[in-house]
Amino acid sequence: SLKESLTEGGQIPFDSNMVMHDFLKISHPTILHIAFKALNDFIAQKSSLPKPWDVADSDAFLEIAQEVAKTIKDYNSTEDKKFESVLRRFSFTCQGVFSPMAAFMGGYLAQEAIKAITQKFMPTQQFFYTDCCEVIPELPETKEELATAIQSLGVEEKKDRSDGLRICVGSQLLEEIQYTNLFMVGAGAIGCELLKNYAMLGIGTGNAGVNGRKQGG
C-alpha cells in the first residue's frame, strides 16, 4: 500500500531502471521524495502551503525536510550539496503552475491508465519523480543574500493569468516568453499538444509599446 511504501524501514521503492532518468540529477528523486513528505507535514502543521518565495516559510519547510531525511535509509542530507537548493526551490514554487510539466505528468498517468485497462505491459510499481528546476531562477549560495535576490526576480503576484508561471520562472523569463516570435509548421498529434502548451505559457502574447518593446509577440 502507499502508506506501507512511505513508512517501510526508510527504504524508498525505486526501480533502478527508472529512478535515474536524468543523470545530471542523480540525487533529485530522493530529495523530491523527502520534499513531498515534508510538504504533507508542513500542511498538517500550518494548514497551508509554503508561501511563494517566502524565506521564513522555506526555513520552516527545510527544518521539517531535514527531520524527514533522517528516516531515509542510506541517505545523508548533510553530504548532499543539492539538498537545500532543491528544497528551497520546491518551497518557493510549490504554488506555481508550469503547464509543460502538467502536460508531461498527464501523459504519464494516461499511459499508466491504458496499461491497466488493456492489461498489457508492466505498470510502474514504484515512486517516480521528475523535475525541471533548471527553469527556476538561480539562488545565491548564502541565506543572507536570499531576500535581496528574491526582490530582483519579480515574482510578486499581479492577479493575472501569468501569476502561476511568474512564481516559477520570474518576470524576466516570463517577458521573454511573451515576446517570443515563433513559427510552427503542422499541428497534428504532437503539434496540437505543443500549441496547447504554447497557449498555456502565453508565448507571443506581449503587446507592442509595453515594457519598451516596439514590436509585440
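Structure shown above.
The structure contained in this document is the topic of the report that follows. Predicted, not measured: the structure shown is a model, and the values here were computed from it.

What counts, and at which threshold
Residues numbered from 1 in each chain as written. Predicted model: local features only at pLDDT ≥ 70, side-chain atom pairs only at ≥ 80, totals over all residues. Heavy atoms only, no water. Core = buried A, V, L, I, M, F, W, Y, C linked by side-chain atoms within 4.5 Å. Buried < 20%, exposed > 50% of the residue type's maximum accessible area, 1.4 Å probe, protein only. Helix = DSSP H or I, 4+ residues; strand = E, 2+ residues; numbered from the N terminus. Contact = heavy atoms within 4.5 Å. Arc of directions from axis to C-beta. Salt bridge = Lys/Arg side-chain N within 4 Å of Asp/Glu carboxyl O. Patch = residues over 30% accessible without salt bridge, like charges linked within 9 Å, V, L, I, M, F, W, Y side chains within 5 Å. Areas by Shrake-Rupley, 256 points an atom, 1.4 Å probe, with all protein chains shown as cover. Axes fitted to C-alpha atoms, helices over the stretch in contact; angles between N-to-C directions. Parallel < 35°, antiparallel > 145°, perpendicular 65-115°, else oblique. Left-handed = near helix turned anticlockwise from the far one by under 90°. Nonpolar A, V, L, I, M, F, W, Y, C, P; charged D, E, K, R; others polar. Expected span 1.5 Å × (residues − 1). Phe/Tyr/Trp six-rings, centres within 6.5 Å; stacked < 30°, edge-to-face > 60°.

A closer look at the nonpolar core
Ile34, Phe61, Tyr75, Phe83 and Leu87 are the most contacted members of the largest nonpolar core, which has 23 residues in total. In terms of nonpolar packing, the next biggest core, distinct from the first, is built from 11 residues, Cys133, Leu139, Leu153 and Val155 among them.

Here we look at the environment of proline 100
Within the fold, proline 100 resides in helix 5 (residues 99–118). Its relative accessible area of 24% is what places proline 100 among the partly exposed residues. Sequence spacing of proline 100 and leucine 201 is 101 residues, and the spatial spacing of their C-alpha atoms is 8.3 Å. When near neighbours in sequence (up to four residues on either side) are disregarded, proline 100 contacts Asn197 and Leu201.

Focus on helix 6 (residues 146–153)
For helix 6, the set of buried residues is Leu146, Ile150 and Leu153. Mapping the buried residues of helix 6 onto a view down its axis gives an arc of 55 degrees, with all of them on the same face. Across from the buried face of helix 6, at angles greater than 90 degrees, the exposed residues are Thr148, Gln151 and Ser152. In this fold, the buried residues of helix 6 make contact with helix 3 (55–69), helix 4 (83–93) and helix 7 (163–178). Following helix 6 by one or two positions, glycine 154 has its phi on the positive side, about 65 degrees.

What to know about the pattern of salt bridges
Any two side chains of opposite charge can pair, on the condition that their charged atoms come close. Enumeration according to the criterion identifies 13 salt bridges in this entry. A salt bridge links lysine 51 to aspartate 57, with the nearest nitrogen and oxygen atoms 3.2 Å apart. Classification of aspartate 57 as buried rests on a relative accessible area of 12%. Sharing partners across several salt bridges, the network here consists of Asp22, Lys25, Asp131 and Glu134.

So, a nonpolar patch on the surface
A contiguous nonpolar surface patch, about 330 Å² in accessible area, is contributed by Met20, Phe23 and Ile26. Looking at the element boundaries, isoleucine 26 is found in the loop between helix 1 (2–7) and helix 2 (28–46).

Points about unusual backbone geometry
Only a minority of non-glycine residues have a phi that is not negative, and only a minority of peptide bonds are not trans. Residue serine 47 is not a glycine yet carries a positive backbone phi of 60 degrees. Note on placement: serine 47 falls in the loop between helix 2 and helix 3. The phi dihedral of aspartate 74 falls on the positive side, at around 60 degrees, and the residue is not glycine. Mapping aspartate 74 onto the fold places it in the loop between helix 3 and helix 4.

So, the packing of helix 2 against helix 3
Running from N to C, helix 2 and helix 3 point in directions that differ by 120 degrees, and their axes come no closer than 9 Å. In terms of orientation, helix 2 and helix 3 fall into the oblique class. In the packing of helix 2 onto helix 3, the handedness of the crossing is right-handed. Touching Ile34, Ala35, Lys37, Ala38, Leu39, Asp41, Phe42, Gln45 and Lys46 of helix 2 are Asp57, Ala60, Phe61, Ile64, Ala65, Val68 and Ala69, all from helix 3. Considered class by class, the residues forming the contact of helix 2 with helix 3 number 11 nonpolar, one polar and four charged.

Some thoughts on helix 5
The first and last C-alpha atoms of helix 5 sit 28 Å apart over 20 residues, in line with the 28 Å expected at 1.5 Å per residue. Where helix 5 is concerned, the buried positions are Ser99, Ala103, Tyr108, Glu112 and Lys115. Along its buried surface, helix 5 packs onto helix 8 (191–201). Two residues or fewer after helix 5 comes glutamine 119, characterised by a positive phi angle close to 55 degrees.

Re the packing of aromatic side chains
Tallied over the entire structure, the rule returns nine aromatic pairs. On the basis of an interplanar angle of 25 degrees and a centroid distance of 5.8 Å, the ring pair of phenylalanine 36 and tyrosine 129 is categorised as stacked. Residue phenylalanine 36 is found in helix 2, and its partner tyrosine 129 is found in the loop between helix 5 and helix 6; the two are separated by 93 residues along the sequence. For phenylalanine 36, a relative accessible area of 44% translates into the label partly exposed. Taking the centre distance of 6.2 Å and the plane angle of 45 degrees together, the rings of tyrosine 75 and phenylalanine 83 count as tilted. Put simply, the rings of Phe36, Phe42, Phe61, Phe90, Phe127 and Tyr129 touch in pairs and so form one group of aromatic residues.

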